[in-house]
Structure formats: structure tokens, C-alpha cells
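# Analysis of the macromolecular model
Residues per chain are reported as follows:
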Amino acid sequence: MKIALVQMNSTGDLQANLDKVAGYTEAAAGEGARLVVFPEATQIAFGHDLARTAADDEGKWIQSITEIARENDIVIAVGVFRPGINGTVTNSLVVRGVDDGREVSADYDKIHLYDAFGHRESDSVTAGESVRTFRLGDVTFGLAICYDVRFPALFTAQARAGADAIILATSWGAGPGKADQWKLLGPARALDSTAYVLACDQADPAVTGVPAKGGSPTGIGHSYVAAPNGELLAEAGRGEEIIFADIDPDRIADIRASLPVLDNSRLEKGIRVECI
């Protein structure tokens, strides 16, 4: 199955962001992709009024995504914000589209909020509570967002729930060592789960020239696809671009047969923990 990752910069202009999604989706479909993945916060970039955007939009932006997917006979995974609890939002990854005439729809709310490196996402975002997967053809996909990548248990839980590939939509924060961490964590989670990791980041505003609000995580680029053995199959630079890769269910089966970490794990089978 051919998939596409779109590394782009979103802004505070919802319509301009939607127009970008439409153009990139058409391009990905033209190359034969069945799934196109966009970054976290594609709907509107961090640093803007997310709560007001989510409240005023009333789901219209997501409906437009559904229509774009139908027009291109493809499935879209894209980062949005939806109304949360007590004036907050959910940081969500929504999946909409068509697969051989069948409607595909899934929603995931980010479980692990980015309260790190001086940023407090939990002040304005309601955390998700559930793991989500969806089926496309012969492949089951899991869903994760940005800071989730630092928590291996989420990725192994998705693999145990049947995920062959895990979409990781991000708007990665810049800073010392952050690029190295980004490039390390996704392949590590692929090895933990013996699943493909489709890591799609926002492009780097320092390269693209797109205005970014200081102190907000607005992307560093370097999107990639990691195979279930950690091998990088495709990698982007820092600017806006599309990368493609193929998901091969047979390769997943072969790797899990030779590297059965999910079956071999004893910590998830009730082994006793002793603290001395």
C-alpha cells in the first residue's frame, strides 16, 4: 500500500491551510497513494487562539476534509483541534475518506500532553483517554500525536490491538538536541511495536519563512517512515514536501516472526516487580 506524508507549515488562516491540504491531497492521489498523512495542528498552527477556533468552526473544517478525501478517492489523516472540557480543546488526529467505496472514519485525542521543556499543553488541552485504530485495505493503522512518541507503552498497546502501522502526526518543538531526539524516537517505537511508524512533522518555519509564534512548537521538518525493524524507508528535509513509502503486510509478519518482542515480553504478563 502506497502512503504519502505531507510536510507543510500551517498558519493562523484556516482557509489557506485547507487549500494546502486540498492541493497536496490531489498530488498524493495522483501518485497512487491510498492514504495521505498531514501534521499535528494542520487546521491552525500553535500560537493562535485554539479554543476560539474550535468553538467557532463547529466542525466545518473537518467536513471539508471529508469532501476533499471523497473527491480524490483517498483517506486523509490530519491534525485538528475540537472543543474540550471547560473552555479547553482536544488535540486530535482525525481520519476521513473512502476505501473501495467504504467510508473510513476515526478520531484520536492526544493522550500524553506536552508539559515539558517549559511548555504546558495541559493548561489549554483536554487529554484523550482511548487508543484508536482503523482499517484500510489489509492494513490496520494506529494513531498517535507528537509527545506520545516518548511513551513506548502506547505503541505496544496499539500493536497488541492489531496495528501494523502507526501514524505519528507532530508539530515538533525546536531546541537543543530536539532534532536528534525526533530522529531517534520514531525508529525506536517502530522496534518496540514491530510496526511501521509514519512520522509526519510540520516543516521548519526557519526554512520556509512562514511566520511562527515564538515559544510555540511549530515544527522542525525531517518527517520519515520507519519500518518495523527501525530502518528508515523515506525521510524529508526541513522544508515543505511530500514523501512516499510502501506498507508491506508480509514484511511486518516476517519481522515479527524473527523479532517477536510482543510475544516475548514478560512485563505485560504479570511478572513480579521487587523494589529493594
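Structural data are supplied above this passage.
Residues numbered from 1 in each chain as written. Predicted model: local features only at pLDDT ≥ 70, side-chain atom pairs only at ≥ 80, totals over all residues. Heavy atoms only, no water.

## Overview of unusual backbone geometry
Selection criterion: Only DSSP runs of H or I reaching four residues or more are called helices, and only runs of E reaching two or more are called strands; each is numbered from the N terminus.
The phi angle at D73 is positive, at roughly 50 degrees, despite the residue not being glycine. Within the element layout of this structure, D73 appears in the loop between α3 (60–72) and β3 (75–83).

## So, the pairing of β3
Successive residues of a regular strand alternate their side chains across the two faces of the sheet. What counts here: In this scheme, a residue with accessible area under 20% of its type's maximum is buried, one over 50% is exposed, and one in between is partly exposed, where area comes from a 1.4 Å probe on protein chains only. Any two strands with at least two DSSP bridges between them are considered paired.
Burial runs high along β3: seven of the nine residues are buried. As paired strands, strand β2 (residues 35–37) and β3 are joined by three bridges and run parallel to one another. Within the sheet, the bridge partner assigned to L35 lies in β3 and is V75. Relative to strand β4 (residues 89–99), β3 runs antiparallel, the two being bridged by nine bridges. Bridge pairing in β4 links A77 to V95. Turn length for the β3-β4 hairpin, with the two strands adjacent in sequence and antiparallel, is five residues, and the turn residue N86 shows positive phi of about 55 degrees.

## Details of the sheet that holds strand β11 (residues 196–201)
To summarise the sheet geometry, strands pair through backbone hydrogen bonds and adopt either a parallel or an antiparallel arrangement. The condition that has to hold: Between the N-to-C directions of two axes lies an angle of 0 to 180 degrees, each axis being a line fitted to C-alpha atoms and, for a helix, fitted only over the stretch in contact. Working rule for contacts: check all heavy atoms of both residues, and any pair within 4.5 Å makes them a contact.
Strands sit in the order β8-β9-β10-β11-β12-β13 across an open sheet of six strands; the sheet is mixed. Lying at the two open borders of the sheet, with one neighbouring strand each, are β8 (133–136) and β13 (232–235). Taking each pair of neighbouring strands and ignoring which way they run, the sheet shows an average axis angle of 20 degrees. Sheet topology note: the strand β12 (residues 224–226)/β13 ladder contains three bridges and is antiparallel. Each bridged residue has a counterpart across the sheet, and for V225 the counterpart in β13 is A234. Packing against the sheet, helix α4 (residues 152–160) makes contact with β9 (139–145) and β10 (165–170), and its axis sits at approximately 160 degrees to β9. Docked against the sheet, helix α5 (residues 178–193) engages β10, β11, β12 and β13, running at close to 30 degrees with respect to β12.

## A look at a nonpolar patch on the surface
Quick note on the threshold: Within this analysis, patches are made of residues with over 30% relative accessible area and no salt bridge. Like charges are joined at 9 Å or less; nonpolar side chains (Val, Leu, Ile, Met, Phe, Trp, Tyr) at 5 Å or less. Throughout, the Shrake-Rupley method with a 1.4 Å probe supplies accessible areas, and for residues the shown protein chains are the sole cover considered. Whenever a carboxyl oxygen of Asp or Glu lies within 4 Å of a side-chain nitrogen of Lys or Arg, that contact is scored as a salt bridge.
Side chains of L191, L259 and V261 sit close together on the surface and give an oily, nonpolar patch of about 200 Å² of accessible area. By secondary structure assignment, the location of L259 is in the loop between α7 (249–258) and α8 (261–264).

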